[in-house]
Structures are given as C-alpha cells and as structure tokens.
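# Descriptive analysis of the structure
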Amino acid sequence: MQTEHDAVKAKARVAMVRGEDRVANLRGALEAVIDELPWTTYRRVLVKPNLVVSHAQHAITHRNTLETILALLRQRYQGMLTVAEGCAIEPTLRAFEAHRYPELAQRYACNLVDLNSDDTATVELIGRGKHPIQVEISRTLLQSDCRISVTVPKTHDAVMFTGSIKNIIMAGLVNRRVADTPRRARLLDRIGRAAFGHGNGWGSDKAAMHQHPSIMNLNLARVAPLVWPHLSVIDGYVAMEGNGPIWGTPVEWQVAFAGVDPLAVDVTALELMGFRLDEIGYLHHCTKLGLGKFLPDEITVVGNTSRTQVERNFVRHPRETMQRNWKTADIDDWLLRPLRPTAPPSTMDQAKEGGTADDRCR
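The text that follows walks through the structure, step by step, so that each part is easy to find. (Residues numbered from 1 in each chain as written. Predicted model: local features only at pLDDT ≥ 70, side-chain atom pairs only at ≥ 80, totals over all residues. Heavy atoms only, no water.)

### As for the nonpolar core
Cut-off, in case you're wondering: Within this scheme, the nonpolar core is defined by two criteria: the residues are buried Ala, Val, Leu, Ile, Met, Phe, Trp, Tyr or Cys, and they are joined through side-chain atoms within 4.5 Å. Think of it in three bands: residues with accessible area under 20% of the maximum for their type are buried, residues over 50% are exposed, and the middle band is partly exposed, with areas taken using a 1.4 Å probe on protein chains only. For helices the rule is a DSSP run of H or I covering at least 4 residues; for strands it is a run of E covering at least 2, with both sets numbered from the N terminus onward. Here a residue-residue contact requires only that any non-hydrogen atoms of the pair lie within 4.5 Å.
Judged by nonpolar contacts, the single largest core of 58 residues is most densely connected at Val-227, Trp-253, Phe-257 and Leu-283. Among the elements that make up this core, the one with the highest residue count is helix 11 (residues 262-272) (seven residues). Once residues within four sequence positions are removed from consideration, Val-227 is found in contact with Ile-137, Leu-141, Leu-142, Arg-147, Ile-168 and Ile-169. Counting 43 residues, the second largest nonpolar core, distinct from the first, contains Ala-29, Tyr-101, Val-233 and Ala-256.

Below, the structure written as structure tokens:
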C-alpha cells in the first residue's frame, strides 16, 4: 500500500503514443493514464476542447479526438458530462454546429455549454499600469469536480506556447461580444469597450488578458489554480508552428500526450517542440505555485515511442523576442497575492431564488 510519503515522491506519468492513426494514438495515450483518476467519486465532469474558431481545422480539436475521449469516459463514468467552450472571436454555438457537436452530445448523453454565455464569478486581476481589473470566469468551469483539457500543441502570438493549461484558463473568461445570450445590446457594449477598454464588465475578458507579456503571464498563472485540469490531452497528430494559435503552419507530428499532471504533460510537449520551460512565463509561474511536476527526474514518459523519435524544433512566432519580456522584479509579490472568486449580484440573487448555474446550463 502506497504511503503518503511515497505519494509525494511518486513521479508524474505522461503517456506519449505515436503512429499513423489519430484515434489509435489517443486511445493508447489515454488508456495508459485515465484510470489514475477516481471516476466513481466525480459528479460534474467537464471536457474542454480547443475551438478558438470554427474553421482552420489544424488550429482546433478534431471531432474524432473529442469522440474518442467521450467514448472512453462513458466506459468509466455515467454522471453529468459537459462539453464546454467559449470561442474567442465568434459565437461558440456556431463552432459547435460546424463540427457537429450536437450529434456527439446526443450520442454520449452530455451537455453543450457556451462558456461566454454562462453564469460567472468575478476575480480581480492585474490591468494596464498594474491597476486592478475585474474579469468574469464561467461558474460551470469553476464548479466542475473533474476538468479535462483537450488541445492542439501550438506556438502562440503572446506567450510563445499554448498547451492544455492555457487552453482551459482562457476558455472560462467571458467574451461578451459573441455571447449567445448578451447581457446588453451589442452596440452599447462596443461603445463601452471603446470608452473603458476590455474587462470591468465590457467587451471581452479574453482580450483583457492580452496585455504586456509580464502581465499576461502573471494573470494566466493566477487564474490557473481555479480551473486546473484533472486530465490533460494534447492531440499532436497535426500540430502548429509559426504564426499560432490560428494562422500558423500545420505540422504532421503524429503524436498524442496524456496525463493527470497537466504541468508535466505541457512541459513534456513543449520541450519536444524545442522550447525550454524557463522561456514560457505562465508555466514558470505555475512551478513557483507548486501546481505540478516539471523536473526531468519527476516525470516518467510511457508509451510506444521515445523523446528522440518525437523531438522537433518548431518554428517560433515572429514576435518571439517581444514575448520573452515577461520577467519583472516584483513577480513573486504579484504572483502570491490571494485570488478569491466572488459571485456577481445577478448570480447571488438567482441563488436566493433557488436557481443555480448548473440549472441554467442543462
């Protein structure tokens, strides 16, 4: 029987499977790690694919990837299952329809939730000039007791690399401009955003995160503990290099990663793409917060291939030099400040009336 001391010393297992069949890669990687999670204890499982847009297939989660995951989940878990996304630049429901997600939802008895239209909790982050800024995060995401992040490994235009951790952080931030159920007239919101900027109740809280690299990386790391994935899946059958996360060049990498330690999974993938952990600000901050394992002797890679067979130097984003400027003298001071989500008045009022965020998402 494993003791508590043994558990602390245990290595994070990252499955890495390579081959010419996307689904076989994913099944092999997931089956190596999925039963490390206590499926009988969960009540609200959420799967977050990467649907940043409805087009550009090489930039988003393949439909076959999502179906493979849902099928494996339903073999182990029969409770409430949600597929959730909050698209960055277009309505989420349009992306769901474009990739026939409603058919998958019916087949696997799961909910589809637009996180941009969800009930929210509010957190205070760091804005321009290091002034406080209020942003809203989906309560469906916050309240899920098992979060599964599914993404494509990509270079990025602001933080160099995007993997499973960033995928789930950005999803929960509300973009009011493309919400299916806008809280105010879109014209009024555009006027407010022009006058006051993104955030603080206006425009897109996703856009509010895109500031100077030092601030964006800090904010990503501060939100990370609130929405930390329990299972990370990176489908690198087709990855992306160069001008990511949407307009980059597809790379036929033919590899899948999975693990229950998201930091270990992301670090494994980024290093094989030719990055170093100390280049990626938000992940470096996550190590400071003790959110996962990242050192070589803390990670065991299992699967049918080796690092030398998979490693490839990905072309970086053209703005790589700018993205490196994330280090500031007061990083630790800002990073360690407590972050406590609070419910906005609308949520608290509905709770008093007996309604919950989950009631409205079903």
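### Overview of the pairing of strand 5 (residues 120-126)
Stated formally: By this definition, two strands are paired if DSSP reports at least two bridges between them.
For strand 5, the buried fraction is high: six of the seven residues fall into the buried class. With seven bridges joining them, strand 5 and strand 6 (residues 132-138) adopt antiparallel strand pairing. Paired with Ala-121 across the bridge in strand 6 is Ile-137. Hairpin connection of strand 5 to strand 6: five residues between the antiparallel strands, including Gly-129 at a positive phi of 70°.

### So, the side chain of Lys-206
Put simply, the rule is: Only four residue types enter the tally: Lys and Arg on the positive side, Asp and Glu on the negative side, with His and both chain ends excluded. For this document, the term salt bridge refers to a Lys or Arg side-chain nitrogen within 4 Å of an Asp or Glu carboxyl oxygen. As used in this structure description, the phrase polar contact means that two N or O atoms lie within 3.5 Å; if the pair is within protein, one of them must be able to donate a hydrogen and the other to accept it, and residues adjacent in sequence are counted only when both atoms belong to side chains.
Looking at the element boundaries, Lys-206 is found in helix 9 (residues 205-209). For Lys-206, which is buried and forms no salt bridge, the nearest opposite charge comes from Glu-85, at a distance of 5.5 Å. A polar atom in the side chain of Lys-206 sits 2.8 Å from the backbone oxygen of Leu-173. Beyond its immediate stretch of four places on either side in the chain, Lys-206 contacts Gly-86, Cys-87, Ala-88, Asn-116, Met-170, Ala-171, Leu-173, Val-174 and Asn-175.

### A short note on helix 7 (residues 164-171)
Owing to its 3.6 residues per turn, the α-helix aligns residues three or four sequence positions apart on the same side. Taking burial as the measure, the eight residues of helix 7 include eight buried ones, the bulk of the element. Those residues of helix 7 not exposed but buried are Ser-164, Ile-165, Lys-166, Asn-167, Ile-168, Ile-169, Met-170 and Ala-171.

### So, the pairing of strand 11 (residues 249-259)
Of the pairings in the sheet, the one linking strand 1 (residues 12-18) to strand 11 comprises four bridges and is antiparallel in character. Looking across to strand 11, one finds that Val-17 is bridged to Ala-256. Here nine bridges tie strand 10 (residues 231-241) to strand 11, and the two strands are oriented antiparallel to one another. Bridge pairing in strand 11 links Ile-234 to Phe-257.

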